[in-house]
Every structure is written in structure tokens, then in C-alpha cells.
Amino acid sequence: STDPYLVSLKFAKNNQATRLAFDVDVNNKTEDDPNFGGKRKTYDYNFGFKVGYEKRIPMNKHFGFYWGVDGILGYQNSKVDFFSQFGQVITNTKGFNVGAAPLVGFRYDINRRIALSTEASVAAIYSVSTEQIDDNFSIFPSTQTTRFDLVTSIPNTLYVIIKF
């Protein structure tokens, strides 16, 4: 995910800021499979980290514009256990991604401690993932996939900023 992250911090001084963000997503679920009469258990773990730079341009007492760039790192781990009358199949997928995202944003300072902002970005992300399938009879060779994506993030998140 490129936006929003679970925790975002900015360390600002003289109309510049260092940006840090961390995200974690854990999703475990069990489902019935109507096609083969079995159960499917899914375990998903995703971790993300961003670090970046931001340059601020005040427009007046309340409004401001900013631009910058974030470096992106991510790790994904997914496991699917499928149990049916035919046996068990386990699929493990692990992935790592790295990228960069130029961004622009607008900010409204309500007072000296509270502000609102929104931003847009285009992230260029390179990903590598490895998939392993085990059907209890044989272990298939690992499959490695690489890809390059451009991910846009429109201003759909309103950030509430509290300054300390």
C-alpha cells in the first residue's frame, strides 16, 4: 500500500521536513470452499516503511503547498492452506518491494498546533516475489516473479496533523 500508512511522522524545521511512515497489515481467515467441499485458511502479513523529504512553501497565514519524495520498502508473506477430500495443498508466497514516490500536497493550518493536509503521489515500485506449492505428494519448483508498477495515489485521505 502506498497510502495511507498506519503511523506517519514528520520532523519539520525551516519549511523542510523529514518524513517517516510505518504500516503493518495482518489478515488471517478461514473459508469454506463450495467447489471442492474443503476449507481454505489464509494467512497474510504485510509490512511497509517509507522515509522521505518534504519542502514546504507557505502561501499565506493558513494555506501552504509542499512537494517531496518518499523512498518505499515493503515485505509481504502469504500462506494458503487448502484442505479437501483430495488432500492438502499449501501455497507460500514471499515478496519484497522497493521504490520511490514523488509527491505534492496542500496544507491548511487551523492554528499553530493543528493542521489538515492531503497529498497525491506516483510511486514507481519494483517487486520480487517467490511462490512455493506443496501438495503433499511433491514439492513443485519455486516460481520467482519480478514486476515494475506505477501506483498513483490521489488526494483521498485527509490527514489531521498535531504539532508537539
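So, how was this worked out
Residues numbered from 1 in each chain as written. Predicted model: local features only at pLDDT ≥ 70, side-chain atom pairs only at ≥ 80, totals over all residues. Heavy atoms only, no water. Core = buried A, V, L, I, M, F, W, Y, C linked by side-chain atoms within 4.5 Å. Buried < 20%, exposed > 50% of the residue type's maximum accessible area, 1.4 Å probe, protein only. Contact = heavy atoms within 4.5 Å. Phe/Tyr/Trp six-rings, centres within 6.5 Å; stacked < 30°, edge-to-face > 60°. Helix = DSSP H or I, 4+ residues; strand = E, 2+ residues; numbered from the N terminus. Lys NZ or Arg CZ within 6 Å of the ring centre and 35° of its normal. pLDDT = per-residue confidence, 0-100. Salt bridge = Lys/Arg side-chain N within 4 Å of Asp/Glu carboxyl O.

A. Examining the nonpolar core more closely. One finds Tyr5, Ala21, Ile72, Ala101, Ala123 and Ile125 forming the largest nonpolar core, which totals 6 residues. In contact with Ala101, other than residues within four places in its own chain, are Gly68, Val69, Asp70, Ile72, Ser121, Val122 and Ala123.

B. Local environment of the packing of aromatic side chains. Overall, the coordinates contain 3 aromatic pairs when judged by the stated rule. Ring centres of Tyr53 and Trp67 lie 6.3 Å apart, and the angle between their planes is 70°; this geometry places the pair in the edge-to-face category. Of this pair, Tyr53 sits in strand β3 (residues 38-58) while Trp67 is found in strand β4 (residues 63-84), placing the two residues 14 residues apart along the sequence. Above the plane of the ring of Tyr66 lies Lys10, whose end atom (NZ or CZ) is 4.6 Å from the centre.

C. Focus on the confidence of the model for the protein chain. With 97% of its residues at a pLDDT of at least 70, the protein chain reaches an overall mean of 90. Across the protein chain, the element-wise mean pLDDT spans from 90 in strand β8 (residues 159-162) up to 94 in strand β6 (residues 114-134).

D. Main features of the pattern of salt bridges. Applying the stated criterion to the full structure yields 12 salt bridges. Between Arg19 and Asp70 there is a salt bridge, and its shortest N-O distance comes to 2.9 Å. With Arg19 in strand β2 (residues 16-33) and Asp70 in strand β4, the pair connects residues that are 51 residues apart, well separated along the chain. Here the two residues Arg19 and Asp70 agree in accessibility, since each one is buried. Close ionic contact of Arg19 with Glu119 constitutes a salt bridge, the shortest N to O distance being 2.8 Å. Of this pair, Arg19 sits in strand β2 while Glu119 sits in strand β6, and the two are 100 residues apart along the sequence. With respect to burial, Arg19 and Glu119 carry one shared label: buried. Three or more residues are tied together by salt bridges with common partners; here these are Lys10, Arg19, Lys50, Glu54, Arg56, Asp70 and Glu119.

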